[in-house]
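Architecture and fold: a report
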Amino acid sequence: MRYLFSILFICSLFSCSGVRVNYDYDKATNFSNYTSYNYFSDIESGLSELDEKRLMRALDSTLQAKGYLLAEEPDFFINILSNEYRSAPNNAVGVGVGGTGRNVGGGISVGLPLGNSGIQRQIQFDFVDAQKDELFWQASSESGFRENASPSVREERLRALVKKVFSKFPPEKK
């Protein structure tokens, strides 16, 4: 029994700390047509100026490692949107009474919080075709965020986020 609680506790810790990513893209897009990128000039990411620079450095190194070039006249533009919110605490209380025929039952359930509410950060990456001005790829990430983290921790978390988000870019042909 003790081992079961230990396993559940460890699993809950790892499930809360990871980066969750959702992808969407236009299936008709030929991703091999894209070789260069740049950022929208009027980008308002919602991040602090320093975090925005950290994110762009991580993004540049990741995209350049995949063979994309930063260019003045790119094939596609990148827009970054971000927001922060406080997640709800993980606890619940429920009361129920029920019965069928002659059997009557009741119960009470109390959920114990494994963690308190924390700040979550959502970052959305939009890739827009420069010629058609159409969105062709989008990823939205969600992860925990600490405002008082050191600059090196912030940079490492943003690098890990970019690595996870762009692990499936460009999408594989099926």
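Residues numbered from 1 in each chain as written. Predicted model: local features only at pLDDT ≥ 70, side-chain atom pairs only at ≥ 80, totals over all residues. Heavy atoms only, no water.

Glancing now at the sheet that holds strand β4 (residues 76-86). With mixed pairing, the 6 strands of this open sheet are ordered in space as β1-β8-β7-β4-β2-β3. Looking at strand neighbours, the two that pair on one side only are β1 (20-25) and β3 (69-70), the edges of this open sheet. For strand β2 (residues 36-39) and β4, the ladder comprises 3 bridges, and the chain directions are parallel. Within β4, the residue paired with Asn38 across the bridge is Phe77. (Pairing = 2+ DSSP bridges. Helix = DSSP H or I, 4+ residues; strand = E, 2+ residues; numbered from the N terminus.)

Counting residues in hydrophobic clusters, the biggest one holds 29 residues, and the most contacted among them are Leu55, Leu59, Ile78, Ile80, Phe125, Trp137 and Phe166. The set of elements that each furnish at least two residues to this core consists of β2, α2 (49-65), β4, β7 (119-129), β8 (135-144) and α3 (151-165). No other element matches the 5 residues that α2 contributes to this core. Those residues within four positions of Leu59 in sequence are excluded, and the remaining contacts are Tyr39, Ile78, Ile80, Phe125, Val162 and Phe166. (Core = buried A, V, L, I, M, F, W, Y, C linked by side-chain atoms within 4.5 Å. Buried < 20%, exposed > 50% of the residue type's maximum accessible area, 1.4 Å probe, protein only. Contact = heavy atoms within 4.5 Å.)

Let's shift gears to the side chain of Asp129. Take Asp129: it is sitting in strand β7. Among buried Asp, Glu, Lys and Arg side chains, Asp129 stands out as unpaired, with Lys132 the closest opposite charge at 4.8 Å. A distance of 2.9 Å separates a polar atom in the side chain of Asp129 from the backbone nitrogen of Lys132. Setting aside its immediate chain neighbours within four residues, Asp129 contacts Tyr34, Asp75, Phe76, Glu134 and Phe136. (Lys, Arg positive; Asp, Glu negative; His and termini not counted. Salt bridge = Lys/Arg side-chain N within 4 Å of Asp/Glu carboxyl O. Polar contact = N/O pair within 3.5 Å; in protein donor to acceptor, adjacent residues only side chain to side chain.)

All right, on to the environment of Arg121 then. Positionally, Arg121 belongs in strand β7. By relative accessible area, which is 6% here, Arg121 ends up buried. Placed 20 residues apart in sequence, Arg121 and Ser141 show a C-alpha to C-alpha distance of 8.0 Å. Every residue in contact with Arg121, bar those within four places of it in the chain, is listed here: Leu47, Asp51, Ser82, Asn83, Glu84, Ser141, Glu142, Ser143, Phe145, Arg154 and Leu158.

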